[in-house]
Structure formats: C-alpha cells, structure tokens
Amino acid sequence: MIKLPEGSRRRRLAIAGILYALSTIVFLICAAQDTLHGHTPYNHFALLADAFRHGRLDLAAPPPAYTGNNDFARFGGKWFVVFPPFPALLLVPLTWLAGSAERVRDGQFFLWLAGLTPACLFLALEKLRRFGRAATREWHGVLLSVLFAFGTVYFFSSEQGTVWYAAHVVGAALAALYLLFALEAERPLLAGIALGLGLATRAPLLFAFPLFALEAVRVRTADAEAWQAGSVRRVLSSLAYKRLALDLLLFALPIACVLGASFVYNQKRFGSPFEVGYRFLGIAWQTRIEKWGLFSYHYLGKNLAVVLTGLPFRNPDGTWQVNAHGLALWLTTPLYLWLLWPRRRSAPQLALWLTVVCVALPGLLYQNTGWLQF
C-alpha cells in the first residue's frame, strides 16, 4: 500500500493520515450545502462557546429563535446548554475569531473532525495485530476502519453537525484514542486523558474504564497461564501490585480532575455538584421523566426493541420509510453479526465485551431512544 517498511510506525501513521484525508473528503462531499456554508439550527455548542468567551456559564439571553428552543434548560431565570462542554471548548477559538456563535460554521467544523475516528481506529486495530491479539493483516484494519466510517450510523451522525451528533463525533474520536492507549495498558496517562475528555463529551464513555483496568491487571500478571486459565487465585498471587497501582493511579488522575471540574461546573450552574440540568429541559416528555426518572428499567424494553428489531416499514402509497427511532444495529451494519462467531479468542476480548456492555447500559436505560437516528 505504501512504500515504507511494513509494521513501522511511520507506515502506520501514513496510512492513518490517508484514512483521515479520504474520509474527510467524502464527509465534506456528502454534506448539505447549508451545513458547509452556515451555522446549523442547533448550534448549542457554538452558543455555549460564545458564553465561555464572555466569561459566562449561561447564555445571557433566551436561545435564538432558529433553535426552536430545543433542548435548553431554564434555571433561576437563566438559560443553559446542559450537554457536556468539551465540544464547546473546541469551538471557543472559532467564536473568538468570528465574533459570534452565528458566524461559526459549527457543522463544517465537526465534519473536519469526523475523519479522526477511522484514522485512530486503524491505529488501534494495528496495535492488536502488533501484539499478536488479532490474526489479521494490514488491509483488514484499513477495511474495518472504512466500514466504520461509512457502513455504520457514524456516517449519518457525522453529516448532521448539530449538537447531539457533534458530541457523538467528538466522543467517537476520543473513544478510539482511548482504545489505542488502553490496549496492553501501554499509555495509562493518555488513556485517562482520553477517557476524561470523553466524560466531558458523552458521559457514558466514563463506563469504558473496565478495558484499561482489566488490561492493566493482565499485563501486570507474571503468570500468563493463570490469566488464560481464568484462575483468580493464581492471578492475585502473581500480580505486580506496585506497578499495577502506578498504572491505575496515572489512569485515574486525569479522570478525577475532569470529574472534579464537572462537579464545580454543575455547582456553579445549578447549585449542586450532582445536578447536570437535564431535569430543567423544556421537553414534551417531561412528565415521564418526573414519573420514571431519566434512567430506569422501565425504558429498557423500548430501547432494546429499537436496537435489535427496528425495521423500515411500508407506507400505504408503496414507499418505504425509516422510523425516526432508528434501525436495528444488525440491519444498519450487518457486519456486527460476525462478532457472534469469532475465529479466535484473544486476551482483550472479554475486557472489550465487558466495556461495550458497560457503555451501552446507560443508553439502554435512558428515557429517550434518540432523535432521527438512521
């Protein structure tokens, strides 16, 4: 593919760079002209960035009319953007240069970021191959990264540019970086930074911590056969506890800093470190939130139905339509079915599956299935 020694760091970075460039070009070509040349109707992060620029945590005024007052919280007579603020922090320099939120092309900005995820995902897949955790070839990683970019809901999300999808784009990039750093517990501090920023982008990413924790335990276990045999007693007796403690400390430190900053941010806005403000959104389903809460087993059945059984339906006029709640994962991306029949099992597989479950659980218990997900 590239005339550099196979397996070299320069080759991996070159391929990742090409993946970023090609993915970004396709994202930009497929984007709506309104997204490229103006602000999106739901530019919450640009509005929040402009508030930060002026030293405020609230918007200083009611939301602009073009937003339809969609997903803003009102508390103490002030208006707030409740979504985690890291994507807004990325936009602060642009609002400073542009002079206002309305002059920032927020959708285009997040399109330029969208190519980072497939590029970082390729590096993570190559890391699995380098450490002998996956019996794959270089082109397999390229193919899987391209399939992620254009064969999953990520493609649809990247093209939107509006607040919810922008957070998905940033969160996916941070998740891919976390995967890269957490595998083999090789970069504890960088893994913690990626996960901490993920928490400040999409809160459920915090629950991806089992991947690093289990990888650290595995790497610091002197008796490799004990880990493979699943013998807890032998693992505990052969652990390098001091090195494991240092790994976990370096990993936890940036996460704790972001969590602490989030508590202060919440306290300053809503008077409580644990209040994120979703209760104060002016939304149609406020009644069910008051009855069942933001997260509840009550919502699990409906969310599972969308994830596993959502299908397009046929209208009376013969046309086909996708339900606004979305399509089943296996229908949107049939390749996921391949996960049920792995050719081989390697060390991080259990840790990866446990991490997937932990990250998915908050969404499955959440009061809303999402909005216009493909």
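Residues numbered from 1 in each chain as written. Predicted model: local features only at pLDDT ≥ 70, side-chain atom pairs only at ≥ 80, totals over all residues. Heavy atoms only, no water.

### Describing the confidence of the model for the protein chain
Defined as follows: The score called pLDDT rates the predictor's confidence residue by residue, from a low of 0 to a high of 100. Each helix corresponds to a stretch of at least 4 residues labelled H or I by DSSP, and each strand to a stretch of at least 2 residues labelled E; elements are numbered beginning at the N terminus.
Per-residue confidence for the protein chain gives a mean pLDDT of 91; residues scoring 70 or more make up 97%. At the low end of the mean pLDDT range in the protein chain sits helix H12 (residues 224-229), at 68; at the high end sits helix H10 (residues 188-199), at 98.

### Comments concerning the pattern of salt bridges
Condition: Just to be clear on terms, a salt bridge is a Lys or Arg side-chain nitrogen sitting within 4 Å of an Asp or Glu carboxyl oxygen. For each residue, the accessible area found with a 1.4 Å probe, counting protein chains only, is set against the maximum for its type, and the residue is called buried under 20%, exposed over 50%, and partly exposed in between.
Throughout the structure, instances matching the rule amount to 10 salt bridges. Across the pair Arg 53 and Asp 50 runs a salt bridge, and its minimum N-O distance is 2.8 Å. With Arg 53 and Asp 50 both in helix H3 (residues 44-53) and 3 residues apart, the pair spans about one turn of that helix. Owing to a relative accessible area of 15%, Asp 50 belongs among the buried residues under this scheme. The closest approach of N and O atoms between Glu 126 and Arg 129, which form a salt bridge, is 2.9 Å. Here the residue Glu 126 and the residue Arg 129 both occupy positions in helix H6 (residues 116-130), the gap between them amounting to 3 residues, near one helical turn.

### Here we look at unusual backbone geometry
The phi dihedral of Ala 60 is positive, around 70 degrees, even though this residue is not glycine. Note that Ala 60 resides in the loop between H3 and strand E1 (73-75). Its identity is not glycine, yet Asp 71 carries a phi of approximately 65 degrees, on the positive side. Along the chain, the position of Asp 71 falls in the loop between H3 and E1. We classify Asp 71 as buried; its relative accessible area is 12%.

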